[in-house]
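Inside the fold
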Amino acid sequence: NSSDLSPSFILASIPGLEAAQSWMAILLCSAYILAVTGNCAVLLVVRLEPSLHTPMYFFLCMLATIDLALATATVPRILSFYWFDSREISFGACLLQMFLIHTLSAIESTVLLAMAVDRYVAICHPLRHAAILTNAATAKVGLLAMARGVLFFLPLPLLLLPLPFCGSRVLSHSFCLHQDVMNLACASTTPSMVYGLTAILLVMGLDAVLICLSYILILKAVLRLAAWRERLKVFSTCIAHICVVLAFYVPLIGLSVVHRFGKDLAPLVHIIMGNIYILVPAVLNPIIYGVRTKQIQRRIL
């Protein structure tokens, strides 16, 4: 019952289904391979196709890089747990993984907002698009997204570092999340809880509101067009981005709801929601843009 300032944590397994974890690992590994292959293909295609050297596709490359980093920061560790029963993760490794997950998610949210702004300028101010969203501006947005993610989420592990941990060390997921680790502390976690909620609202929450605002303005501009065919043609350029936004925010909201209201849910729900949050955007994003972009289709073929 003694507290430990540098504890190790136990990754969550599914009670009663430990024997099936090897099969879950095969599914998880297949999804990871698909995510790596798809995102690497997008990066290679954009690099080799000069016609895709535009801000929208540079943002898509940023998205692919983030998804690769996020999946690689979590899935190999989960697979080592499922296949080799390596359930224990050190305090330092857990904090590092937690920082990477939240920071990369914040960067991805910022890039999705930048892509929404790109669509807004391209549709509502087409004559100014090339002047506003230059390659240099795109690079600055990428650097700003990185700085924003690091500055907002670096305090999360620092606030957990001095807390004592006693009693249960079993996490709710097969990887480390801030709220999950925070709930295991046996001291006041109010500063950590308040800051974590504030950071989420100021980054993901604000980005979601601004993305919705961008699409409201886009929709108003599209509805001003006379012909329905023109409206559909213009709005169809946004469909891929809308699907990518949903693939990111729906699992994020679902995981938040499970953490907030799902204390009585089966452990399987927590684990599945966590894995969906990590892998679904990484798997779906290259598929969505591969289906919607003819240049990417031709290059892949």
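Reading the values: the criteria
Residues numbered from 1 in each chain as written. Predicted model: local features only at pLDDT ≥ 70, side-chain atom pairs only at ≥ 80, totals over all residues. Heavy atoms only, no water. Core = buried A, V, L, I, M, F, W, Y, C linked by side-chain atoms within 4.5 Å. Buried < 20%, exposed > 50% of the residue type's maximum accessible area, 1.4 Å probe, protein only. Contact = heavy atoms within 4.5 Å. Helix = DSSP H or I, 4+ residues; strand = E, 2+ residues; numbered from the N terminus. Polar contact = N/O pair within 3.5 Å; in protein donor to acceptor, adjacent residues only side chain to side chain. 1 Å grid on protein atoms, 1.4 Å probe; cavity = no way out; pocket = protein on both sides within 12 Å on 5 of 7 lines; lining within 4 Å. Points joined across faces, edges and corners; volume = space filled by probe spheres on them. UniProt positions renumbered as here; feature names shortened; annotations may be inferred. Salt bridge = Lys/Arg side-chain N within 4 Å of Asp/Glu carboxyl O. Expected span 1.5 Å × (residues − 1). Arc of directions from axis to C-beta. Axes fitted to C-alpha atoms, helices over the stretch in contact; angles between N-to-C directions. Parallel < 35°, antiparallel > 145°, perpendicular 65-115°, else oblique. Left-handed = near helix turned anticlockwise from the far one by under 90°. Nonpolar A, V, L, I, M, F, W, Y, C, P; charged D, E, K, R; others polar. Patch = residues over 30% accessible without salt bridge, like charges linked within 9 Å, V, L, I, M, F, W, Y side chains within 5 Å. Areas by Shrake-Rupley, 256 points an atom, 1.4 Å probe, with all protein chains shown as cover. Disulfide = S-S within 2.5 Å.

The biggest cluster of nonpolar side chains holds 80 residues, and the ones touching the most others in it are Phe9, Val111 and Leu112. Sequence-distant contacts of Phe9, that is, excluding residues within four places in its chain, are made with Arg87, Glu88, Ile89, Phe91, Cys94, Phe165, Arg169, Leu171, Val181 and Leu184.

Checked against the element boundaries, His173 lands in the loop between helix H6 (155–160) and helix H7 (178–182). For His173, the residues in contact, after removing those within four places along its chain, are Leu11, Ala12, Asp180, Leu255, His259, His270, Ile271 and Gly274.

Attention now goes to the side chain of Asp180. Turning to its location among the elements, Asp180 is positioned in helix H7. Given the relative accessible area of 3%, Asp180 is considered buried. In terms of polar contacts, Asp180 uses its side chain to reach the backbone amide nitrogen of Ser172, at 2.7 Å.

If a probe as big as a water molecule is rolled over the atoms, it shows which places are left empty. In this structure, the largest pocket spans a volume of roughly 830 Å³. Within the residue set of the lining of the largest pocket, elements represented by two or more residues are H7, helix H8 (190–223) and helix H10 (239–261).

Right, let's talk about the UniProt feature "transmembrane region" (unreviewed entry) in the protein for a bit. The positions UniProt marks with the feature "transmembrane region" (unreviewed entry) are residues 20–45, 57–79, 99–121, 141–165, 193–218, 239–262 and 268–291. Spanning residues 193–218, this segment combines 100% helix with 0% strand, and its end C-alpha atoms are found 36 Å apart.

Below, the discussion takes up the environment of Ala187. Tracing the sequence through the fold places Ala187 in the loop between H7 and H8. For Ala187, a relative accessible area of 34% corresponds to the partly exposed category. It is 7.9 Å that separates the C-alpha atoms of Ala187 and Phe165, two residues lying 22 residues apart in sequence. In this view, Ala187 contacts Leu163 and Pro164; residues no more than four positions away in its chain are not counted.

Counted under the stated rule, the structure contains three salt bridges. One salt bridge connects Asp118 with Arg119, and the closest N-O pair in it is separated by 3.1 Å. The burial state of Asp118 is the same as that of Arg119; both residues are buried.

Another aspect to go through is helix H5 (residues 135–153). With 19 residues, H5 ought to run about 27 Å at 1.5 Å a step, and its terminal C-alpha atoms sit 27 Å apart, in line with that. By the burial criterion, the buried members of H5 are Thr138, Gly142, Ala145, Arg148, Gly149 and Phe153. Projected down its long axis, H5 shows its buried positions confined to an angular sector of 130°, all on one face. Of the exposed residues in H5, those oriented more than 90 degrees away from the buried face are Lys140, Leu143, Leu144 and Leu151. Buried-residue contacts for H5 involve helix H2 (55–84), helix H3 (91–124), H6 and H8.

So, about the packing of H8 against helix H9 (residues 228–235). Orientation of H8 relative to H9, taken along the N-to-C sense of each, is 155°, at an axis distance of 9 Å. By the angle class used here, H8 and H9 are roughly antiparallel. Between H8 and H9 the crossing geometry is right-handed. Judged by residue contacts, Ile218, Leu219, Val222 and Leu223 of H8 engage Arg231, Val234 and Phe235 from H9. Grouping the amino acids of the contact of H8 with H9 by side-chain chemistry returns six nonpolar, no polar and one charged.

Another point: a nonpolar patch on the surface. Taken together, the side chains of Trp23, Ile26, Trp83 and Phe84 present a nonpolar region at the surface, about 530 Å² in accessible area. Counting residues per element, the ones that place at least two in the nonpolar patch are helix H1 (21–48) and H2.

Right, let's get into the state of the cysteines. Per the stated rule, a full pass over the model turns up two disulfides. In the protein, the cysteines engaged in disulfides, taken in order along the sequence, are linked 1-3, 2-4. Cys61 takes part in no disulfide bond, and the closest cysteine sulfur to it belongs to Cys40, at a distance of 11 Å. According to the relative accessible area criterion, Cys61 is buried, its value standing at 13%. Among the cysteines around Cys212, which has no disulfide bond, Cys238 carries the closest sulfur, lying 13 Å off.

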